[in-house]
Structures are given as C-alpha cells and as structure tokens.
Amino acid sequence: METRWLYTTSLNFPKLVEESKQTCIIPVGSVEKHGYHLPVGIDSLICSALAYSASKLESVCIAPDFVFGDVPGAQPAGSMTFDMSVVMDLMENYCDQIGNQGFTKIGLLNAHGGNGTWLHLFQRRLENKKKPYAVIRIPIHCPAPYGMAKLIEKEGYGVFPEMTKEDCDYILKCRDRKMYTGHGGLDETSYMMAICPESVHMEALGIIDGHSTGEADYLTDAGLRLIDNGWEINHPHFLAGEDPVDCNERIGKAVFRMESERLAKAFKLLKEDENILKWHNERIEKLK
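How each quantity is defined
- Along each chain, the written sequence defines residue order, and numbers are assigned to residues from 1.
- In keeping with the predicted nature of the model, local features appear solely for residues at pLDDT of at least 70, side-chain atom pairs appear and are counted solely at 80 or more, and the whole-chain, interface and lining totals rest on all residues.
- Note that water and hydrogens are dropped before the side-chain values are worked out from all heavy atoms of the structure.
- Strand pairing is defined by DSSP finding a minimum of two bridges between the two strands.
- Numbering of helices and strands runs from the N terminus; a helix is a DSSP stretch of H or I covering at least four residues, while a strand is a stretch of E covering at least two.
- We call two residues in contact when some of their heavy atoms are within 4.5 Å.
- For helices, the fitted axis covers only the stretch in contact; all axes are lines through C-alpha atoms, and the angles between them, taken along N-to-C directions, range from 0 to 180 degrees.
- A right-handed crossover is one whose linking path, passing over the helix from the first strand to the second, runs clockwise when the strands point away from the viewer.
- Definition used in this section: a nonpolar core is a set of buried Ala, Val, Leu, Ile, Met, Phe, Trp, Tyr and Cys residues joined via side-chain atoms within 4.5 Å.
- Partly exposed residues are those whose accessible area sits between 20% and 50% of the maximum for their type, while under 20% is buried and over 50% is exposed, using a 1.4 Å probe and protein chains only.
- The criterion for an aromatic pair is that two Phe, Tyr or Trp rings (for Trp, the six-membered ring) have centres within 6.5 Å, with stacked assigned to planes under 30 degrees apart, edge-to-face to planes over 60 apart and tilted to the rest.
- Whether a charge sits over a ring comes down to the Lys NZ or Arg CZ being within 6 Å of the ring centre and within 35 degrees of the ring normal.
- Salt bridges are identified by distance alone: a Lys or Arg side-chain nitrogen within 4 Å of an Asp or Glu carboxyl oxygen.

This brings us to the sheet that holds strand S3 (residues 105-110). Taken in spatial order, the four strands make up an open sheet running S2-S1-S3-S4, and their pairing is parallel. Because the sheet does not close on itself, it has two edges, and the strands there are strand S2 (61-62) and strand S4 (134-139). The pairing of strand S1 (residues 23-28) with S2 spans two bridges and is classified as parallel. Counterpart to Ile-25 in the pairing with S2 is Ile-62. Each of S1, S2 and S3 touches helix H2 (residues 42-57); the most contacted strand, S1, lies at about 155 degrees to it. Seen against the sheet, helix H4 (residues 116-127) touches S1, S3 and S4 and runs at an angle of roughly 165 degrees to S4.

Note that S3 and S4 share six bridges and pair parallel. If you follow Leu-108 over to S4, its bridge partner there is Arg-137. Crossover connection from S3 via H4 to parallel S4: handedness right-handed.

Below, the discussion takes up the nonpolar core. Counting 44 residues, the largest nonpolar core has Leu-109, Met-148 and Ile-171 as the members making the most contacts within it. Those elements that place two or more of their residues in this core are H2, S4, helix H5 (146-155), helix H6 (165-176), helix H7 (186-195) and helix H10 (249-272). In terms of residues, this core owes the most to one element, H10, which gives nine residues. If near-sequence neighbours (up to four positions away) are discounted, Leu-109 is found in contact with Ile-25, Ile-26, Pro-27, Val-28, Cys-47, Ala-51, Ile-138, Ile-140, Leu-263 and Phe-267. Counting residues in each nonpolar core, the second largest holds 24 residues, with Phe-13, Ile-26, Cys-61 and Phe-103 among its members.

This brings us to the environment of Gly-78. Its place among the elements puts Gly-78 in the loop between S2 and helix H3 (84-100). Between the C-alpha atom of Gly-78 and that of Gly-41, which follows or precedes it by 37 residues, the distance is 8.8 Å. Filtering out sequence-adjacent residues up to four positions away, Gly-78 remains in contact with Val-31 and Val-40.

To continue, consider the packing of aromatic side chains. Two numbers describe a pair of aromatic rings. These are the distance of the centres and the angle of the planes. Scanning the model with the defined rule gives nine aromatic pairs in all. Between Phe-66 and Tyr-94, the aromatic rings sit 6.1 Å apart at their centres with planes inclined by 20 degrees, giving stacked as the arrangement. Placement of the pair is Phe-66 in the loop between S2 and H3 and Tyr-94 in helix H3, with a sequence separation of 28 residues. Relative to Phe-122, the ring of Trp-118 lies with its centre 6.5 Å away and its plane at 65 degrees, an arrangement referred to as edge-to-face. Pair noted here: Trp-118 and Phe-122 are both in helix H4, with a separation of four residues, about one helical turn. Just as Trp-118 is buried, Phe-122 falls in that class too. An aromatic cluster is built from Phe-66, Phe-68, Phe-82, Tyr-94, Trp-118 and Phe-122, whose rings are joined through pairwise contacts. One residue, Arg-4, lies across the ring of Tyr-7, its end atom 3.7 Å from the ring centre. A cation over a ring is seen here: Arg-4 above Tyr-52, with NZ or CZ 4.0 Å from the ring centre.

Scanning the model with the defined rule gives 19 salt bridges in all. Between Arg-4 and Glu-2 there is a salt bridge, with the nearest N and O atoms lying 2.9 Å from each other. The exposure class assigned to Arg-4 is partly exposed, which follows from its relative accessible area of 22%. Of the residues examined, Glu-2 reaches a relative accessible area of 26% and is grouped as partly exposed. Where salt bridges share partners, they join Asp-89, Glu-92, Asp-96, Arg-125, Lys-129 and Lys-131 into one cluster.

Spelled out as structure tokens, the structure:
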C-alpha cells in the first residue's frame, strides 16, 4: 500500500495507520553546503528517499520531510539556518499532529549529524510531558566504504550485484588506505548518485580541500570544547573528506539498497516492540 502521508487519501488514511501499527517516521534533514559537488538539500533528499524505500519493505507511515535542521549560521549561498527554539516548538507541534491521527510511535529518522544534539534534547523535552506517543531517534548510517568492505570480504564480490569487480576493488582500496570521509565525501556522494545522479557535479571536485585544517585541535586536545569541537573552524569549506573521484551510480545503488534493508529491519522492530510504549506509559504514570 501507499506509505507516504502526502500521497494517501483521507479515505485510505485509517488503513495506513492500521497497517503501520500506529508507527510513523519523520525524515529529518537540513539545508547546508556539502562542498561544491553536492546539492545543499542532500541530507533531506537522502533521508526522504531512504525512508520511503525502507517503508516499501516494511510498511510504516512516512510523514512529510522536516528540513529545518541545525546548521551553523555563517554558511555560504543556499544554506538555511533556523532559530532552534522555533525548531523545537515546531517539531513538538508536528509530533502532536501525528499523534492526533492515532500514531503512538514516532521515529525521527535523521540524516544530518548536526541534528543529533537537538533531537536528543527534544526527547528530553517530551520526557516530562504526558504525550500519547513515544519518540525514538533513528540515525542513518553511511556504509561506504567501511561497511561495504566488510561485507565484500565476508561474502565475496557477489554480495553487491549492482557493482563491478572494479567497483569492489575501489571500495576495498578506500578502506585499506583509511579514506577520510564524513561530510560530502564518498558516503554521501554515493547516496546522491543513487537518488539523483544529475545533481552530483563531479567536475567540481578538487576546487576546495576537504581535509581538516587542524586549526582548533589544540583546544580540543586540552579538553576545551568549542561548538561541534571546532568542526566549522577546521573545515571552512563545509567539506570533510577526500574527493570521491571514482564514485558512480553502481556504487550508489548498492549503498542505497544496503541501508534501505537495514532501516526496514529497524522499522519492523519499532512497529512490533511492546516495551517502547510500556516504558513510555510507565513514565507518564510517574508524572501524575
């Protein structure tokens, strides 16, 4: 059945709630620069696409995207920064609306590293409120190249039928030389190659450097914590990773399938688990 909230009619919506076992997933992303070769909406695009793909394997309701991520303010063209108090209020109202439709489990599927802190605080915020739903965070993983290399070594090149032997050799090579990747590198580039390859501009690689400048490391080494441990200082181009020059659509499709299958298993557990609501309701009882 159709799992996307926005594509479901009012007549069929109760069936979606039932089929999902009252479980709804919110794709949470951001709008920020990822070097020069990737679109600024990549976090949201990845999250939305993976959520829908996984829901076709394990039926859960996929809510409209929440793109209002936590992004540093001093960013270049195309990025968006929002007041976090407003974002927290908006997310709570959003979850309330989802709860009003009969959903009792809400998964926050996050594809933006900068969202981790505020989503944790958001869970804390709801902890002392008597909500009729429980909220769970689900981080998206990026298996390229390290997770993929483990599977290739364990199960052989055939584990990724989408890829050629040369593609597999490339992944193993990246792993062996400990390829630096984390923000706009091979991991996120491969996802975008699967979702919308025409939005990836490989010709723009090499214009800026994705390696850390190390400028703020002396503070971190001394136990002094800047925001994000000085990530923005160390990566002034908002790119963290080596240029993924040999990334292609075949690798992207393999990465996308691998993570879709992992998320489908997580969605299934979230749907069927009885302890999440039990513990949630017990906490509410203690607030009375």
